[in-house]
Amino acid sequence: MATTETQKMWDKGIVDRGIKGGVAGLFGGVVFGLWMANQGVLAMIASMMGGSSSLLGLVIHLMISAGIGASFGILFFRLADGTVPSALWGLVYGFTWWFLGPLTMMPLMMGVGPQWTAAAVAATIPSLTWHLIFGGVIGISYAALNRAPRGSVSRSSVSCCG
């Protein structure tokens, strides 16, 4: 089956959106990572992967952040049209990842099950605040990257080795 021009444009578009979102996720991840380092939780992030160092936790956190940002770019590209809508959808996405991360997936990975209780929610309010900041930074960064001249953020500009 031959690849159509529409399919080629879609493939290029989804890659472009994913790259821009991934870069935006790294921006948000750095901001969120500063708070995480201050709170001493990076070693806990590393422990979910069998490690113990804060540096490993930071690397894992940034990889997750890039993935979350890439998924934002792919999922919200039509809705995140402009700085304000993009920031607002980023806040929604940050809230979603607060629910999925510290209340659901992290407890599951630690063998204790989802923590969907009022006490768990209350205990993670600081994390909610920073997930919202993380999402807002992703949204604003994604909007800024979408305004960048075409070709200024591409696969070749974010690759390490050529």
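Since this is a predicted model, take the numbers as computed values, not measurements.

S.K.: Looking at this model, I keep getting lost on the overall build of the protein chain. Mind explaining?
M.R.: Along its length, the protein chain carries seven helices and zero strands. Start at the N end of the protein chain and walk to the C end: the helices and strands fall as α-α-α-α-α-α-α. Per-residue burial for the protein chain yields a buried fraction of 38% across its 162 residues. Counting only carbon and sulfur atoms, one obtains 71% of the accessible surface of the protein chain, whose full area is about 9,100 Å².

S.K.: In this structure, what is going on with helix α4 (residues 83-109)? I would like to understand it.
M.R.: It helps to recall that an α-helix has 3.6 residues per turn; residues three or four apart then point in one direction. The principal kink in α4, of about 35°, is found at G101, preceding the proline P102 by one to four residues. Of the residues one or two after α4, G111 is the one with positive phi, at around 80°.

S.K.: Mind showing me how you'd approach the packing of aromatic side chains here?
M.R.: To describe a pair of aromatic rings, one takes the distance between the centres and the angle between the planes. Under the defined criterion, the tally for this structure stands at eleven aromatic pairs. For the ring pair F72 and F76, a centre distance of 5.0 Å and an interplane angle of 20° mean the geometry is stacked. Of the residues examined, F72 reaches a relative accessible area of 0% and is grouped as buried. Owing to a relative accessible area of 11%, F76 belongs among the buried residues under this scheme. Look at F95 and W98: their rings are 5.5 Å apart centre to centre, the planes differ by 45°, and that puts the pair in the tilted class. Of this pair, F95 and W98 both sit in helix α4, three residues apart, which is roughly one turn of that helix. Three or more aromatic residues joined by ring pairs form one cluster here, namely F72, F76, W89, Y93, W97 and Y142. We note R17 situated over the ring of F77; from NZ or CZ to the ring centre the distance is 3.7 Å.

S.K.: It is not clear to me how a nonpolar patch on the surface should be interpreted in this structure. Could you clarify?
M.R.: Together, M49, M109, M110 and V112 give the surface a local cluster of nonpolar side chains, amounting to about 420 Å² of exposed area. On the secondary structure map, M109 appears in helix α4. Judged by relative accessible area, which is 47%, M109 ranks as partly exposed.

S.K.: Explain the confidence of the model for the protein chain to me, please; I cannot follow it from the model alone.
M.R.: Residues of the protein chain with pLDDT of at least 70 account for 84%, and the chain-wide mean is 89. Element-level mean pLDDT values for the protein chain span from 50 in helix α7 (residues 155-158) up to 97 in helix α3 (residues 54-75).

S.K.: Would you take a moment to explain the nonpolar core for this structure?
M.R.: Note that soluble globular proteins tend to have their nonpolar side chains buried in a common cluster. Counting 20 residues, the largest nonpolar core has M36, I45, I68, F72, Y93 and I138 as its most contacted members. Looking at this core, the elements that each hand over two or more residues are α1 (5-39), α2 (42-47), α3, α4 and α6 (125-147). Here this core gets five residues from one element, more than from any other, and that element is α1. If sequence neighbours within four positions are ignored, I45 has contacts with M36, G57, I60, H61 and M106.

Calculation notes
- Throughout this description, residue numbers start from 1 for each chain and increase along the sequence as written.
- Predicted model: local features are reported for residues with pLDDT of at least 70 only, side-chain atom pairs are reported and counted for 80 or more only, and whole-chain, interface and lining totals are derived from all residues.
- Only heavy atoms go into the side-chain values, all of them from the structure, while hydrogens and water stay out.
- Starting at the N terminus, helices and strands are each numbered in turn, a helix being any DSSP run of H or I of at least four residues and a strand any DSSP run of E of at least two.
- Exposed residues in this analysis have more than 50% of their type's maximum accessible area, buried residues have under 20%, and partly exposed residues fall in between, with area computed by a 1.4 Å probe over protein chains only.
- Methods summary: accessible areas were calculated by the Shrake-Rupley approach with a probe of 1.4 Å, and residue burial reflects only the protein chains presented.
- Fitting axes to the seven residues that end at a residue and to the seven that start at it, the angle between those axes gives the bend at that residue.
- When the centres of two rings from Phe, Tyr and Trp lie within 6.5 Å, Trp using its six-membered ring, the rings pair. Their planes under 30 degrees apart give stacked, over 60 give edge-to-face, and anything left gives tilted.
- A ring is considered to have a charge above it if a Lys NZ or an Arg CZ atom is located within 6 Å of its centre and within 35 degrees of its normal.
- In this scheme, patches are assembled from residues that exceed 30% relative accessible area and form no salt bridge. Like charges are connected within 9 Å, while nonpolar side chains (Val, Leu, Ile, Met, Phe, Trp, Tyr) are connected within 5 Å.
- Salt bridges are identified by distance alone: a Lys or Arg side-chain nitrogen within 4 Å of an Asp or Glu carboxyl oxygen.
- A score from 0 to 100, pLDDT tells how confident the predictor is in each residue.
- Residue types Ala, Val, Leu, Ile, Met, Phe, Trp, Tyr and Cys, when buried and joined through side-chain atoms within 4.5 Å, form a set referred to as a nonpolar core.
- The contact criterion used is simple: two residues touch if any of their non-hydrogen atoms lie within 4.5 Å.

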